[in-house]
Amino acid sequence: MTLLKKTSCKAVLIGLICTFLLLAAGISSSRAAGITIEEEKKLGRETYEKLEKANALSKNQRVNDYIRKIGEQILAQQQRVPFDFQFHVINSSAINAFATPGGYIYVFRGLIILAENESELASVMAHEIAHATRRHINDMIERSQKLTYATLAGLIAGVLLGGGSGAGAAAVMGTMAGAQTLSLKYSRENEEEADRFGMGYLTAAGYDPKSMVDFMRLMRRNEFYSNNIPSYFLTHPGTDERIRYLDSLVEARYNQKGKESIIGGFRRVQVEMLMVEKNMEPVMARFRDDLKKNPTDANALYGLAVVQARMGQLQEAANTITAALRYAPEDPDILRDAGIIAFEAGMNAEAIQYLRSAYQRSDGDAETVLYLGRAYEQAGDYMTALELYRKALAANVTDDQLYYGLATAYGHLNNQAESHYYFGIFFKKKNKKDSALFHYRAALSLIPPDSERAGEIRKEIENLQKPAMKPENAQAPQGRTGPNRRSPR
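Reference entry: report on the structure contained in this document. Chains are numbered independently. Their residues run from 1 in the order of the written sequence. Where totals are concerned, whole chains, interfaces and linings use all residues; where local detail is concerned, this predicted model gives features only for residues with pLDDT of at least 70, and gives and counts side-chain atom pairs only at 80 or more. The side-chain quantities take in all heavy atoms of the structure and omit both hydrogens and water.

### Quick word on the overall build of the chain
So, step 1. When helices and strands are counted, the chain shows 24 helices and three strands.
So, step 2. Summary of the burial criterion: residues with accessible area below 20% of their type's maximum are buried, those above 50% are exposed, and those between are partly exposed, where the area comes from a 1.4 Å probe applied to protein chains only. Within the span of the chain, comprising 489 residues, buried residues form 54% of the whole.
So, step 3. When contacts within the chain are restricted to residue pairs at least 6 apart in sequence, those whose partners lie at least 24 apart make up 67%.
So, step 4. Accessible surface is estimated by sampling points in the Shrake-Rupley manner with a 1.4 Å probe; for residues, cover comes only from the protein chains shown. Accessible surface, the chain as shown: approximately 22600 Å² in total, 50% of it carbon and sulfur. Elements are defined by DSSP. Helices are runs of H or I of four residues or more, strands are runs of E of two residues or more, and each kind is numbered from the N terminus. The criterion used for residue contact is that any of the two residues' heavy atoms lie within 4.5 Å.

This is how it looks when you write it as structure tokens:
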């Protein structure tokens, strides 16, 4: 588990902050005797909105769908549940998962990367579902009446100041130390009940009950080798005792063998999550380690090829992804990225071949459509390129390159009005105000003044001419807002 040996203090603290956020929200709205089901639902929604606004949630649709399907598989066997559950992925390398009020279950990217199979991931989700169905969060809120907004403000300030070192770390660690006295953990009784019910949910869903024990041991090994406590341990006390209890529970009650995979595609989901990491060196090392164990692992070859491409090693990437295609020749993801790598390497004919094959198998994939359009434009087939760009636009692709492609394709086809219009959008997105205004004005001069497009352009020009107002509390953007890009442009 090379990738997670150096999880930062900041990443670990993100998980704790999310827990404190939900507690603070609960305390501000709760009565001394706890909160009702309806109040839990409201708090859960508010917490979700805070996380979404902070751009903390993964936008990778494949991964979100995968997590949701596992959750639905677990819940399908339960007769009565108090909430309409929702499942989301937190875009953080912390090894964590948690339930918030109202049946919202969050799994961190780092935990997905750490798990060794789908059943281990499902075991964590089953445990968190049990916390929600048994309303342990309500119990925790009742025990945590002393938590103040000052404590919460200290935690947030610590991370904003840097989190990993210096004054930021001191602020965070100070509030963490204070929080330890507030019993902001599940009680051992809660934990045992969540283990017991969670293992029952897991087994009823068809998964291997032993995977719950296996994952706990895996986290223990990660802590031992990395000298870093997984954040999941910090809110789930009594780990050694839990491992012994779970082991005995498997032996005594749940000794039937279940499945390691039901939904399928776990390894590809891990590859998707690894591609979000900023430091590619440990990701590359992980894929190389996987290939030492199994040289024919198409997922590891695919992941390694994309990492090599991102690091500018295009020839190595081309060789590696060709090897991946030998073992998975029909895989649309591998075909797509083989095409992207070929395009970036200047091998346009090969790019069109790969991308067309990917398009035939998955014509709704936005990246495939965009890059196939770029490859056809490069080949001089501007009409086909334009058709593909329009399809990408209709699919709400937000890549800036799409608008550049539309502008150049229209230009080659002598539609100067549309060419200038899309150049205007492109330069606006690039924050090049003067260039955007030039192209918008040029487009406006070429179209009927009473047309809908003319009105739209006039509004754009008016907005661009307004003096820029500096936000009082401007912050750097967090996370990714465009498509889940894994290859270089």
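Next, the rest of the story.
### Quick look at the packing of aromatic side chains
So, step 1. Stacked, tilted and edge-to-face pairs are distinguished by plane angle, under 30 degrees for stacked and over 60 for edge-to-face with tilted covering the rest, among Phe, Tyr and Trp rings (Trp via its six-membered ring) whose centres lie within 6.5 Å. Scanning all chains against the criterion turns up 14 aromatic pairs.
So, step 2. Between the aromatic rings of Y404 and F423, the centroid separation amounts to 5.8 Å while the plane-to-plane angle is 80°, which identifies the pairing as edge-to-face. Of this pair, Y404 sits in helix α21 (residues 400-412) while F423 sits in helix α22 (residues 416-429), placing them 19 residues apart in sequence.
So, step 3. What makes Y404 partly exposed here is its relative accessible area of 35%.

### Some words on the pairing of strand β1 (residues 86-90)
So, step 1. The buried fraction of β1 is high, at four of five residues.
So, step 2. Two strands qualify as a pair provided that DSSP identifies no fewer than 2 bridges between them. The pairing of β1 with strand β3 (residues 104-108) spans five bridges and is parallel. Counterpart to F87 in the pairing with β3 is I105.

### Quick notes on unusual backbone geometry
So, step 1. Here N414, not a glycine, exhibits a phi torsion of approximately 65°, which is positive.
So, step 2. Position of N414 among the secondary structure elements: in the loop between α21 and α22.
So, step 3. Overall, the relative accessible area of 67% leaves N414 in the exposed class.
So, step 4. Located in the positive-phi region is N431, a residue other than glycine, with phi close to 60°.
So, step 5. You can see N431 is positioned in the loop between α22 and α23 (433-444).
So, step 6. With relative accessibility at 70%, the residue N431 sits in the exposed group.

### Examining the packing of helix α9 (residues 188-204) against helix α12 (residues 239-252)
The geometry of a pair of packed helices is captured by two quantities: the angle between their axes and the separation between those axes.
So, step 1. Remark: α9 packs on α12, axes separated minimally by 11 Å, with the N-to-C direction vectors making an angle of 30°. As α9 packs across α12, the resulting crossing turns out to be right-handed. Together, R188, E191, E192, D195, R196 and M199 of α9 and E241, R242, Y245, L246, L249 and V250 of α12 make up the contact between the two elements.
So, step 2. Charged residues are taken to be Asp, Glu, Lys and Arg, nonpolar residues to be Ala, Val, Leu, Ile, Met, Phe, Trp, Tyr, Cys and Pro, and polar residues to be all remaining types, Gly included. Taken together, the residues of the contact of α9 with α12 sort by class into five nonpolar, no polar and seven charged. Angles shown run from 0 to 180 degrees and are taken between the N-to-C directions of axes, each axis being a line fitted to C-alpha atoms and, for helices, limited to the stretch in contact. The crossing is said to be left-handed when, going from far helix to near helix, the turn is anticlockwise and less than a right angle, and right-handed when the turn is clockwise.

### Thoughts on the pattern of salt bridges
So, step 1. When a carboxyl oxygen of Asp or Glu is within 4 Å of a side-chain nitrogen of Lys or Arg, the pair counts as a salt bridge. Here the structure, examined in full by the defined rule, presents 26 salt bridges.
So, step 2. The salt bridge partner of R134 is E193, with a shortest N-O separation of 3.2 Å. With R134 in the loop between α5 (118-133) and α6 (136-143) and E193 in helix α9, this pair connects stretches of sequence that are 59 residues apart.
So, step 3. The class of R134 is partly exposed, set by a relative accessible area of 36%.

### What to know about the side chain of D331
So, step 1. Relative to the helices and strands, D331 is located in the loop between α16 (314-327) and α17 (332-344).
So, step 2. Exposure remark for D331: the relative accessible area of 17% places this residue in the buried category.
So, step 3. From its side chain, D331 meets the backbone nitrogen of I334 in a polar contact 3.2 Å long. Counting of polar contacts relies on pairs of N or O atoms within 3.5 Å, with two restrictions inside protein: one atom must be capable of donating a hydrogen and the other of accepting it, and residues adjacent in sequence are counted only when both atoms are side-chain atoms.

### Remarks on the environment of K430
So, step 1. Following the sequence through the fold, K430 ends up in the loop between α22 and α23.
So, step 2. For K430, a relative accessible area of 40% translates into the label partly exposed.

### Side note on the sheet that holds strand β2 (residues 97-100)
So, step 1. With respect to topology, three strands assemble into an open sheet ordered β1-β3-β2, the strand pairing being mixed. In this open sheet, the two edge strands, each paired with only one partner strand, are β1 and β2. For this sheet the average axis-to-axis angle between neighbouring strands, irrespective of direction, equals 20°.
So, step 2. Taken strand by strand, helix α2 (residues 37-53) contacts β1, β2 and β3, and its axis lies near 35° from that of β3.

### Examining the nonpolar core
So, step 1. Residue types Ala, Val, Leu, Ile, Met, Phe, Trp, Tyr and Cys, when buried and joined through side-chain atoms within 4.5 Å, form a set referred to as a nonpolar core. In terms of nonpolar packing, the biggest core is built from 79 residues, with I67, I74, I112, L121 and F287 touching the most fellow members.
So, step 2. With nine residues, the top contributor of residues to this core is helix α15 (residues 298-310).
So, step 3. Leaving out residues up to four positions away in the same chain, I74 has contacts with A122, M125, A126, I129, Y201 and A205.
So, step 4. Grouped together as the second largest cluster of nonpolar side chains are 40 residues, F343, A409, L437 and I457 included.

### Regarding the side chain of S211
So, step 1. Examined against the element boundaries, S211 turns out to sit in helix α10 (residues 210-226).
So, step 2. Of the polar contacts made by the side chain of S211, one reaches the backbone oxygen of D208; its length is 2.6 Å.
So, step 3. When residues no more than four places from it in sequence are discounted, the contact partners of S211 are S119, E120, S123 and L202.

### As for the environment of A300
So, step 1. For A300, the location among the structural elements is in helix α15.
So, step 2. Classification of A300 as buried rests on a relative accessible area of 0%.
So, step 3. On a C-alpha basis, the gap between A300 and D289 in space is 9.0 Å, while along the polypeptide they are 11 residues apart.
So, step 4. Leaving out residues up to four positions away in the same chain, A300 has contacts with R267, F287, D290 and L291.

### Looking at the packing of helix α13 (residues 266-274) against α15
So, step 1. Their axes nearest at 10 Å, the elements α13 and α15 cross at an angle of 15°. Comparing the axis directions of α13 and α15 gives the class roughly parallel. The hand of the α13/α15 crossing is right-handed. Here R267, R268 and V271 of α13 lie close against α15, whose contacting residues are N299, A300, Y302 and G303.
So, step 2. For the contact of α13 with α15, the residue count by class is three nonpolar, two polar and two charged. Oblique is the label for every angle not falling under 35 degrees (roughly parallel), over 145 degrees (roughly antiparallel), or within 65 to 115 degrees (roughly perpendicular).

### Quick word on the pairing of β2
So, step 1. Side-chain alternation along β2 places A97 and A99 on one buried face and F98 and T100 on a second face that is also buried.
So, step 2. Hairpin geometry of β2 and β3 is characterised by an intervening segment of three residues between the two adjacent antiparallel strands and by a positive phi of about 85° at G102.

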